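Each chain is listed here by its residues.
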Amino acid sequence: MREVDDVGDIRRFRLARAILIGVGVLGLILGAIELVMKQTPIQIVGVAVWMLGAIILHDAILSPLVLGISVLARRAGHRVSKGVLAIMQGAVVVGSIMTLLVVPEVYAKTLGPNPTVLTFDYAQRLGVMWLVIAALTALTCILYTRRAAKNRLQRQ
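Below is a short write-up of the structure. (Residues numbered from 1 in each chain as written. Predicted model: local features only at pLDDT ≥ 70, side-chain atom pairs only at ≥ 80, totals over all residues. Heavy atoms only, no water.)

1. Side note on the packing of helix α3 (residues 82-110) against helix α4 (residues 122-155)
Interhelical geometry of α3 versus α4 gives an angle of 170° and a closest axis separation of 10 Å. The angle between α3 and α4 places the two elements in the roughly antiparallel class. Looking at the contact of α3 with α4 residue by residue, the class counts come to 17 nonpolar, seven polar and one charged. (Axes fitted to C-alpha atoms, helices over the stretch in contact; angles between N-to-C directions. Helix = DSSP H or I, 4+ residues; strand = E, 2+ residues; numbered from the N terminus. Parallel < 35°, antiparallel > 145°, perpendicular 65-115°, else oblique. Nonpolar A, V, L, I, M, F, W, Y, C, P; charged D, E, K, R; others polar.)

As structure tokens, then:
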């Protein structure tokens, strides 16, 4: 068993954090330069509006939705395990992010036909995606619950 070197671990953690922050800031700066150099002011405003919409979606819709699912799952007739809760939350987050990515295509499709760019029925595919996520989530929860029960029986 390894001896814990708290000071060394803290230093490595701080170094890793500083490197990650530096890489993130550098990425933001390079992205901003690229945006300003290649896009028109109207396009930059469009990007800003999209980013604002993403923040609003996250803070006003996605986070309360995940919290609501957590509260409802905990108040269910029997106790829901943390693993099942995490699986359900993960599914909602993945579905919401995918929805955020697809909604602009759904909206663009309503603006008029452009068969060379918008070739699919994105709204229908979004609905199918949510059905698949729901089915995979249910299957994963069932498998997780069975495995957890089997592990509990083996430990007894």
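Next comes the rest of the account.
2. Some points on a nonpolar patch on the surface
A cluster of nonpolar side chains, namely Ile21, Val25, Leu26, Ile29, Leu30, Ile33 and Met37, defines an oily patch on the protein surface of about 690 Å² accessible area. Judged by relative accessible area, Ile29 falls into the partly exposed class, the value being 44%. (Patch = residues over 30% accessible without salt bridge, like charges linked within 9 Å, V, L, I, M, F, W, Y side chains within 5 Å. Areas by Shrake-Rupley, 256 points an atom, 1.4 Å probe, with all protein chains shown as cover. Salt bridge = Lys/Arg side-chain N within 4 Å of Asp/Glu carboxyl O. Buried < 20%, exposed > 50% of the residue type's maximum accessible area, 1.4 Å probe, protein only.)

3. Concerning the pattern of salt bridges
Summed over the entire model, instances satisfying the criterion amount to two salt bridges. Arg12 is the partner of Asp9 in a salt bridge, and the nearest nitrogen-oxygen pair spans 2.5 Å. Taken as a pair, Asp9 and Arg12 lie in helix α1 (residues 6-38) at a separation of three residues, close to a single helical turn. The class of Arg12 is partly exposed, set by a relative accessible area of 49%.

That is the geometry; function is a separate question.
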